[in-house]
Amino acid sequence: MQSQNLIRTSFRGGEPMNERDAMATWECLKTAIQHIHNHNAGSLSFEELYRNAYSLVLHKYGELLYKGVQDTVKEHLKQVANRVICATDDELLNKLQDEWQDHRTTMIMIRDILMYMDRNFVGQYRKVPVFDLGLHLFREEVSGHGRVKDRLLTILLKNIQNERDGQQIDRILMKNTIQMLVELGVQSRTVYKDNFEDFYLAETERFYTLESQRYISENGVPDYLKKAESRISEETKRVDNYLHSSSLDKVMAIMDAEWIQKHHKALVHAENSGCAAMFNDDKKQDLKRLFQLFKRVPDTLVEVREVMRKCIVDRGEEILKDPERVKEPVMFIDALLDLKKKYDSFVKESFGEAKEFQTCLKAAFESFINKDTRTAQFLSLYVDELFKKTVKGLTDADIEAKLEQVVTIFRFLQDKDVFENYYKQHLSKRLLHQRSLSEEAEKQMIQKLKSECGHLYTSKLEGMFTDIRLSDDLMKDYRRICRTQGQGSRTPCVELKVHVLTTGYWPNASNFVINMPREISDECDHFKSYYLGKHTGRRLTWQYNLGTADIKATLPKSRHDLNCTTYQMCILYLFNQRDKITYKEIQELTQIPIEELKRHLMSLYVSPKCKLLLKTNAAGNNQNKDIADDDVFEVNPGFESKLVRLKVPLVAVGSKGLEGSGVDSSSAAGAATTIEVPANVEEDRKHLIEAAIVRIMKMRKKLEHNQLVVEVTKHLQTRFNPTPTMIKQRIEKLIEREYLERSQEDRRMYNYLA
């Protein structure tokens, strides 16, 4: 067919178009559209066709043109629908896709011819644009046809089910078909949603409800998690491969509900494969998989954290109750560190260092560590052992790691003042007896404590180091003066070393005065005269309970250098003048406090390795270890030892065991551990609470009771957590001493009295 038979010549400017001419022009355009549908567009002149459409619109025949195009396309699509209907189920998607692509191509060509109508008539009369009109018609006549729509949905859902069952499907064809449904919505996803997505989501929920229920009943938690992870991944890829992206969140919500939300408690608390079993068996990868899945439904992680907390607390309480570990502070703290290390690895490797799990871990450790004061005491003993023995041979990096471990446990302590109390005691022994292997490491530890609790917490500890340093300088100056003045020949058998300790810095201060051997007493008086002459306005009080002595002992069978306490030295010195002495006489001659005297005497006749004395009672019996006033003591003539230098042991306080014998006195403290807050710490707390109350009220002038309690607690929490009852008691004491008063208008309100 020649193009001139299809084209009507455009009218000249100003020439009107009558109805007959308009119909003839439309017939020409209709024939052209039919040729486009029949794939004969190559013989058409699109320029002339555009002009004919332009003329119809220009001469007010736009409605004729628009209605004609709609009817022509509709008529064509009815034929298309018949062809699609005749396709078998196996051919339906391919046939529908072919017809769809053909329809899109023809509508683009028709749209180009009718571009002027789209720009003017369609906009002016609020008609659907030509291309969109073609989409509407295809949806109504073809894809939405009663004999196509349901078959199409069934085939799409069946393909998806086949893929879930592991079969191969044509994903490209699926993607194009789904894309067709999306485009048929014309700038909305209504067609996609109504004709496919709603049914797809319902089928997905039904399928996974059954599968997840069956899988959890037949498999352990690790296998279930792997299956859930696999299915979620499959559905994500399915959306990426051929579904519309808007379906992803909806599908994932179903997956989360069916695989996680509905079964999370059963998964967490499964008897042999749940979270508790995973923690106990170090199943980090399984916990990581569980966390990654449960993270999709954040509320489910509460159960996981609760199980982790319970596992930590249960294991921690086992450590607290273990009779072997409570006797060995180092073993006890090592067990806590191992527990912390284990769960740190879970938090890091399995839970991605999630803040909530870090908080849970901290709360769990605090809950069992602070049930009593043992951890504070044992941690101090652990540090004591570290500085006296463990640091030997360690590199700086290793020491730093060890100290950081100590600080890790220290952070969990709420009663940090209890730790400070024990730490001061152990540090004082290390400094006075020169038992620390690394002064630098000691200072590193104090610096770490300062970083955690502030300078006030460590001020006394730092003062102890200052005292030792100043004492060393002082002794050098004292010995220099003694040599200069010729005083060195006065008592050649005594070499005195004095540590001048600042009151308040050092623990275990006592005011007992004992009778020292004359030679030593004279040397002490000489040093006192020297010191007071150098520092006016000061007072020296000798702390005999903190001193030690190295003495030479000539016994019937051997000679030894004995390292003992000052009290033991005074007792042994008496046997230079007398062979036998009663207990009562020893007490009168030494004036050592009774409890200390019994303790130090017992250490000289009980220990089999250092039995320097023999005890007999009035009946001549020496088997009873208890001491009576008429018991007689004498040097043990049969004592001998292969060791030249001996450390005389010391009976532990409240125990029949011995400190010493090659074991440091502090390490035996585990056997006499107290779980109560020491009395001196309780007393210090009273003063700290009162000071905090006065400081706060002085600044605020007027404050309500509960608010005052909150502020005092906040002020003191770096050292300890005062109870509301304790704070209330101190408030009452301050009211009695007229630091505060209750308001007359409101009895719960306090006023500060200047």
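On a predicted model such as this, the values are computed, not experimentally measured, just so you know.

This next bit is on the pattern of salt bridges. One pass over the full model with this rule turns up 62 salt bridges. Of the charged contacts in the structure, one is a salt bridge between glutamate 404 and lysine 448, with a shortest N-O distance of 3.1 Å. Of this pair, glutamate 404 sits in helix H19 (residues 396-412) while lysine 448 sits in helix H21 (residues 439-453), and the two are 44 residues apart along the sequence. A residue is classified by how much of its surface remains accessible, and glutamate 404, at 31% relative accessible area, is partly exposed. With a shortest N-O distance of 3.5 Å, aspartate 522 and arginine 518 are connected by a salt bridge. Taken together, the residues span about one helical turn, with aspartate 522 and arginine 518 both in helix H23 (residues 518-534) at a distance of four residues. A relative accessible area of 30% means that aspartate 522 is categorised as partly exposed.

Before going further, it helps to examine the side chain of asparagine 636. Residue position: asparagine 636 is located in the loop between strand E5 (632-635) and strand E6 (645-647). Among residues more than four places away in sequence, those in contact with asparagine 636 are Pro556, Lys611, Leu612, Leu613 and Leu614.

In terms of domain boundaries, the protein chain breaks down into domain 1 (19-142), domain 2 (148-260), domain 3 (302-455), domain 4 (468-544), domain 5 (547-647) and domain 6 (679-752). Between domain 2 and domain 6, the C-alpha centre-to-centre distance is 65 Å.

Note that soluble globular proteins tend to have their nonpolar side chains buried in a common cluster. Counting residues in each nonpolar core, the largest one holds 154 residues, and the members touching the most others are Leu65, Phe196, Phe279, Met308 and Phe351. The residues touching methionine 308, leaving out its near neighbours within four places in the chain, are Phe279, Tyr343, Val347, Phe351, Phe357, Cys360 and Leu361. Core analysis: the next-biggest nonpolar cluster, separate from the first, contains 48 residues, Phe527, Met602, Val648 and Val651 among them.

Here we come to helix H10 (residues 221-241). The end-to-end C-alpha separation of H10 is 30 Å, in line with the 30 Å expected for 21 residues at 1.5 Å each. The inward-facing, buried residues of H10 abut helix H7 (149-164), helix H9 (190-218), helix H11 (247-261), helix H12 (264-268), helix H13 (275-280) and helix H14 (284-294).

In this section: unusual backbone geometry. In this structure, valine 186 takes a positive phi of about 50° despite not being glycine. With respect to the helices and strands, the residue valine 186 is situated in the loop between helix H8 (171-183) and H9. Positive phi, close to 55°, is recorded for glutamate 353, a residue that is not glycine. Mapped onto the elements of the fold, glutamate 353 is located in the loop between helix H16 (329-350) and helix H17 (355-369). Judged by its relative accessible area of 47%, glutamate 353 falls in the partly exposed class.

On to the sheet that holds strand E1 (residues 548-554), then. Spatial strand order, E1-E2-E6: three strands in an open sheet with mixed pairing. Strands at the two margins of the open sheet, each flanked by one partner only, are E1 and E6. Taking each pair of neighbouring strands and ignoring which way they run, the sheet shows an average axis angle of 25°. For E1 and strand E2 (residues 559-565), the ladder comprises seven bridges, and the chain directions are antiparallel. Counted as the bridge partner of isoleucine 551 is leucine 562 from E2. Sheet strands in contact with helix H24 (residues 566-573) are E1 and E2, and its direction is about 130° off that of E2.

Right, let's get into the sheet that holds strand E10 (residues 740-742). One open sheet holds the three strands; their spatial order is E9-E11-E10, and the pairing between them is antiparallel. Of all the strands in the sheet, the pair left with one neighbour each is strand E9 (702-704) and E10. Mean inter-strand twist for the sheet, computed between neighbouring axes without regard to direction, equals 30°. The pairing of E9 with strand E11 (residues 749-752) spans three bridges and is classified as antiparallel. The partner of glutamate 704 across the bridge, within E11, is methionine 749. Against the sheet, helix H29 (residues 724-736) makes contact with E10 and E11, and its axis sits at roughly 100° relative to E10, the strand it touches most.

Let us look at the pairing of E11. Judged by which residues are buried, E11 turns out to be covered on both faces: Met749 and Asn751 on one side and Tyr750 and Tyr752 on the other are all buried. Taken together, the three bridges between E10 and E11 define a ladder with antiparallel strand orientation. Its bridge partner being in E11, arginine 742 is matched across the sheet by tyrosine 750. From the end of E10 to the start of E11, which pair antiparallel, there are six residues.

Before going further, it helps to examine the environment of threonine 582. Within the element layout of this structure, threonine 582 appears in strand E3 (residues 580-582). Under the relative-accessibility criterion, threonine 582 is labelled partly exposed at 22%. Not counting the four nearest positions on each side in its chain, threonine 582 is found in contact with Asp629, Asp631 and Val632.

Right, let's get into the side chain of lysine 340. You can see lysine 340 is positioned in helix H16. According to the relative accessible area criterion, lysine 340 is buried, its value standing at 12%. Apart from residues lying up to four places away in sequence, lysine 340 is in contact with Leu361, Phe365, Thr408 and Phe412.

When pLDDT is averaged across the protein chain, the result is 89; 93% of the residues are at 70 or more. Confidence drops under a pLDDT of 50 for residues 1-13, and excluding neighbours within four residues, the segment shows 23 contacts in the predicted structure. Long-range and interchain partners of residues 654-672, a stretch whose pLDDT sits below 50, account for 39 contacts in this model, where long-range means more than four residues apart.

It is worth spelling out the pairing of E5 at this point. When E3 meets E5, the two strands line up antiparallel, connected through three bridges. From the neighbouring strand, threonine 582 faces E5, where its bridge partner is valine 632. Judged from the four bridges that link them, strand E4 (residues 613-616) and E5 form a sheet pairing that is antiparallel. In the sheet register, lysine 615 faces E5, and the bridge partner there is phenylalanine 633.

This part takes up the packing of helix H3 (residues 62-86) against helix H5 (residues 115-124). For any two helices packed against each other, one specifies the crossing angle of their axes together with the interaxial distance. Two elements in contact, H3 and H5, have axes separated by 11 Å at closest approach and are oriented at 110°. Taken as axis vectors, H3 and H5 run roughly perpendicular relative to one another. Handedness of the crossing formed by H3 with H5: left-handed. On the side of H3, the interface is formed by Gly62, Glu63, Leu65 and Tyr66, while H5 contributes Met117, Phe121 and Val122.

Summed over all chains, the structure comprises 28 aromatic pairs. Ring geometry for phenylalanine 279 versus phenylalanine 351: centroids 6.2 Å apart, planes at 65°, classification edge-to-face. Placement of phenylalanine 279 in helix H13 and of phenylalanine 351 in the loop between H16 and H17 is noted, with a sequence separation of 72 residues between them. Classification of phenylalanine 351 as buried rests on a relative accessible area of 1%. Between phenylalanine 291 and phenylalanine 351 the ring centres are 5.6 Å apart and the planes differ by 65°, which places this aromatic pair in the edge-to-face class. Remark: phenylalanine 351 occurs in the loop between H16 and H17 and phenylalanine 291 occurs in helix H14; sequence separation between them is 60 residues. A connected cluster of aromatic rings, assembled from ring pairs, spans Phe279, Phe291, Tyr343, Phe346, Phe351 and Phe357. The ring of phenylalanine 410 has lysine 416 sitting right over it, with the charged end atom 5.3 Å from the ring centre.

Definitions and limits used
- Residues numbered from 1 in each chain as written.
- Predicted model: local features only at pLDDT ≥ 70, side-chain atom pairs only at ≥ 80, totals over all residues.
- Heavy atoms only, no water.
- Salt bridge = Lys/Arg side-chain N within 4 Å of Asp/Glu carboxyl O.
- Helix = DSSP H or I, 4+ residues; strand = E, 2+ residues; numbered from the N terminus.
- Buried < 20%, exposed > 50% of the residue type's maximum accessible area, 1.4 Å probe, protein only.
- Contact = heavy atoms within 4.5 Å.
- Domains from an automatic or database assignment.
- Core = buried A, V, L, I, M, F, W, Y, C linked by side-chain atoms within 4.5 Å.
- Expected span 1.5 Å × (residues − 1).
- Pairing = 2+ DSSP bridges.
- Axes fitted to C-alpha atoms, helices over the stretch in contact; angles between N-to-C directions.
- pLDDT = per-residue confidence, 0-100.
- Parallel < 35°, antiparallel > 145°, perpendicular 65-115°, else oblique.
- Left-handed = near helix turned anticlockwise from the far one by under 90°.
- Phe/Tyr/Trp six-rings, centres within 6.5 Å; stacked < 30°, edge-to-face > 60°.
- Lys NZ or Arg CZ within 6 Å of the ring centre and 35° of its normal.

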